[in-house]
Amino acid sequence: MSLTVAAITFGIVFLSELPDKTALASLMLGAKYRAGYVFAGIAAAFALQVGIALVAGHLLSLLPHRWVEGVTGVLFLAGAAMLLFHGGGDEDGHETKEPTANSFWKVAGASFVVVAIAEFGDLTQIMTANLAAKYADPLAVGLGAWLALCAVAGIAILGGQKLLKHVPMKMIIRVAAGVMVLMAGFSIFQAITG
């Protein structure tokens, strides 16, 4: 397992997840229910979504190398565009019934469902699949992505409001989009030069 690949994945996914609707959902759930219960459900949902992304990335990696670089470059550009044009907007309707009691299973289950639905086909899941295709190290990519997603959820649950007081959401979105544009340029360059 490459720690470099895990660190790159962590950085990209972390920055991309900060302005995401899942971070906002984590913040709201954490404000209403016991943080540990919410985090347990969210971490399990992220594990499921990262697993799905790794399988998709493996299938993508079966293509010829130049195609993989071209596809990942285009998808990174699409991800940057999604962040710049849709980042920081309102949640897009991923709602579920709130648990009627504060039991572990109800709170963790509701948190799991909210995040599993919100993350399906999300930008960070697509980026994780891209990184899994780009690097032949699914364990490092999976671990880096999962840790980044859990870190963002933890920050959102415990102190999201404080972060936004010090770092404007537009800056977070621009930094994440800039990193993705750089990754897209590198991937497209690799695709062209072979």
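Calculation criteria
- Residues numbered from 1 in each chain as written.
- Predicted model: local features only at pLDDT ≥ 70, side-chain atom pairs only at ≥ 80, totals over all residues.
- Heavy atoms only, no water.
- Helix = DSSP H or I, 4+ residues; strand = E, 2+ residues; numbered from the N terminus.
- Buried < 20%, exposed > 50% of the residue type's maximum accessible area, 1.4 Å probe, protein only.
- Contact = heavy atoms within 4.5 Å.
- Areas by Shrake-Rupley, 256 points an atom, 1.4 Å probe, with all protein chains shown as cover.
- Core = buried A, V, L, I, M, F, W, Y, C linked by side-chain atoms within 4.5 Å.
- Axes fitted to C-alpha atoms, helices over the stretch in contact; angles between N-to-C directions.
- Parallel < 35°, antiparallel > 145°, perpendicular 65-115°, else oblique.
- Left-handed = near helix turned anticlockwise from the far one by under 90°.
- Nonpolar A, V, L, I, M, F, W, Y, C, P; charged D, E, K, R; others polar.
- Patch = residues over 30% accessible without salt bridge, like charges linked within 9 Å, V, L, I, M, F, W, Y side chains within 5 Å.
- Salt bridge = Lys/Arg side-chain N within 4 Å of Asp/Glu carboxyl O.
- Phe/Tyr/Trp six-rings, centres within 6.5 Å; stacked < 30°, edge-to-face > 60°.
- Expected span 1.5 Å × (residues − 1).

## Some details on the overall build of the protein
Phase 1 of the analysis: When its secondary structure is counted, the protein shows eight helices and zero strands.
Phase 2 of the analysis: Element order for the protein, N to C, with α for helix and β for strand: α-α-α-α-α-α-α-α.
Phase 3 of the analysis: Relative to its 194 residues, the protein shows a buried fraction of 45%.
Phase 4 of the analysis: For the protein, the share of sequence-separated contacts (at least 6 apart) that also reach a separation of at least 24 residues comes to 89%.
Phase 5 of the analysis: Accessible surface, the protein as shown: approximately 9800 Å² in total, 71% of it carbon and sulfur.

## So, the nonpolar core
Phase 1 of the analysis: Of all hydrophobic cores here, the largest spans 38 residues; its most connected members are Val38, Ile42, Phe46, Leu131, Tyr135 and Val141.
Phase 2 of the analysis: Elements represented by at least two residues in this core include exactly α1 (3-17), α2 (21-32), α3 (35-61), α5 (104-119), α6 (123-134) and α7 (138-166).
Phase 3 of the analysis: Top element by residues in this core is α7. It accounts for 10 residues.
Phase 4 of the analysis: In contact with Val141, other than residues within four places in its own chain, are Val5, Thr9, Leu54, Thr128, Leu131, Ala132 and Tyr135.

## Quick word on the packing of α1 against α6
Phase 1 of the analysis: Packing of α1 against α6 leaves a shortest axis separation of 10 Å and a crossing angle of 165°. Judged on the interaxial angle alone, α6 and α1 are roughly antiparallel. By crossing handedness, the relation of α1 to α6 is classed as right-handed. Along its contact with α1, which presents Thr9, Ile12, Val13, Ser16 and Glu17, the element α6 presents Leu123, Thr124, Met127, Thr128 and Leu131.
Phase 2 of the analysis: Of the residues belonging to the contact of α1 with α6, the class tally is five nonpolar, four polar and one charged.

## A few points about the side chain of Asp137
Phase 1 of the analysis: Note on placement: Asp137 falls in the loop between α6 and α7.
Phase 2 of the analysis: For Asp137, the contacting residues outside a window of four places in its chain are Met1 and Ser2.

## What to know about a nonpolar patch on the surface
Phase 1 of the analysis: The grouping of Met1, Leu3, Phe10, Leu139, Leu143, Trp146 and Leu147 at the surface amounts to a nonpolar patch, some 670 Å² of accessible area in total.
Phase 2 of the analysis: When contributions to the nonpolar patch are tallied by element, the ones reaching two or more residues are α1 and α7.
Phase 3 of the analysis: With four residues, the top contributor of residues to the nonpolar patch is α7.
Phase 4 of the analysis: By secondary structure assignment, the location of Leu143 is in helix α7.
Phase 5 of the analysis: With a relative accessible area of 34%, Leu143 lands in the partly exposed category.

## Regarding the packing of aromatic side chains
Phase 1 of the analysis: In this structure the tally under the stated criterion is three aromatic pairs.
Phase 2 of the analysis: On the numbers, 5.6 Å between centres and 15° between planes, the contact of Phe10 with Phe14 is stacked. Taken as a pair, Phe10 and Phe14 lie in helix α1 at a separation of four residues, close to a single helical turn.
Phase 3 of the analysis: Phe10 sits in the partly exposed class, given a relative accessible area of 30%.
Phase 4 of the analysis: Relative accessible area serves as the criterion here: at 18%, Phe14 is assigned to the buried category.
Phase 5 of the analysis: For the ring pair Phe104 and Trp105, a centre distance of 4.9 Å and an interplane angle of 80° mean the geometry is edge-to-face.
Phase 6 of the analysis: For Phe104, a relative accessible area of 30% translates into the label partly exposed.

## Overview of α5
Phase 1 of the analysis: Here α5 is 16 residues long and its end C-alpha atoms lie 22 Å apart, about the 22 Å a rise of 1.5 Å per residue gives.
Phase 2 of the analysis: Burial in α5 covers these residues: Val107, Ala108, Ala110, Ser111, Val114, Val115, Ala116, Ala118 and Glu119.

## Structural notes on α6
Phase 1 of the analysis: Between the first and last C-alpha of α6 there are 16 Å, a value that for 12 residues agrees with the 16 Å anticipated at 1.5 Å per step.
Phase 2 of the analysis: For α6, the buried fraction is high: 11 of the 12 residues fall into the buried class.
Phase 3 of the analysis: For α6, the set of buried residues is Leu123, Thr124, Gln125, Met127, Thr128, Ala129, Asn130, Leu131, Ala132, Ala133 and Lys134.

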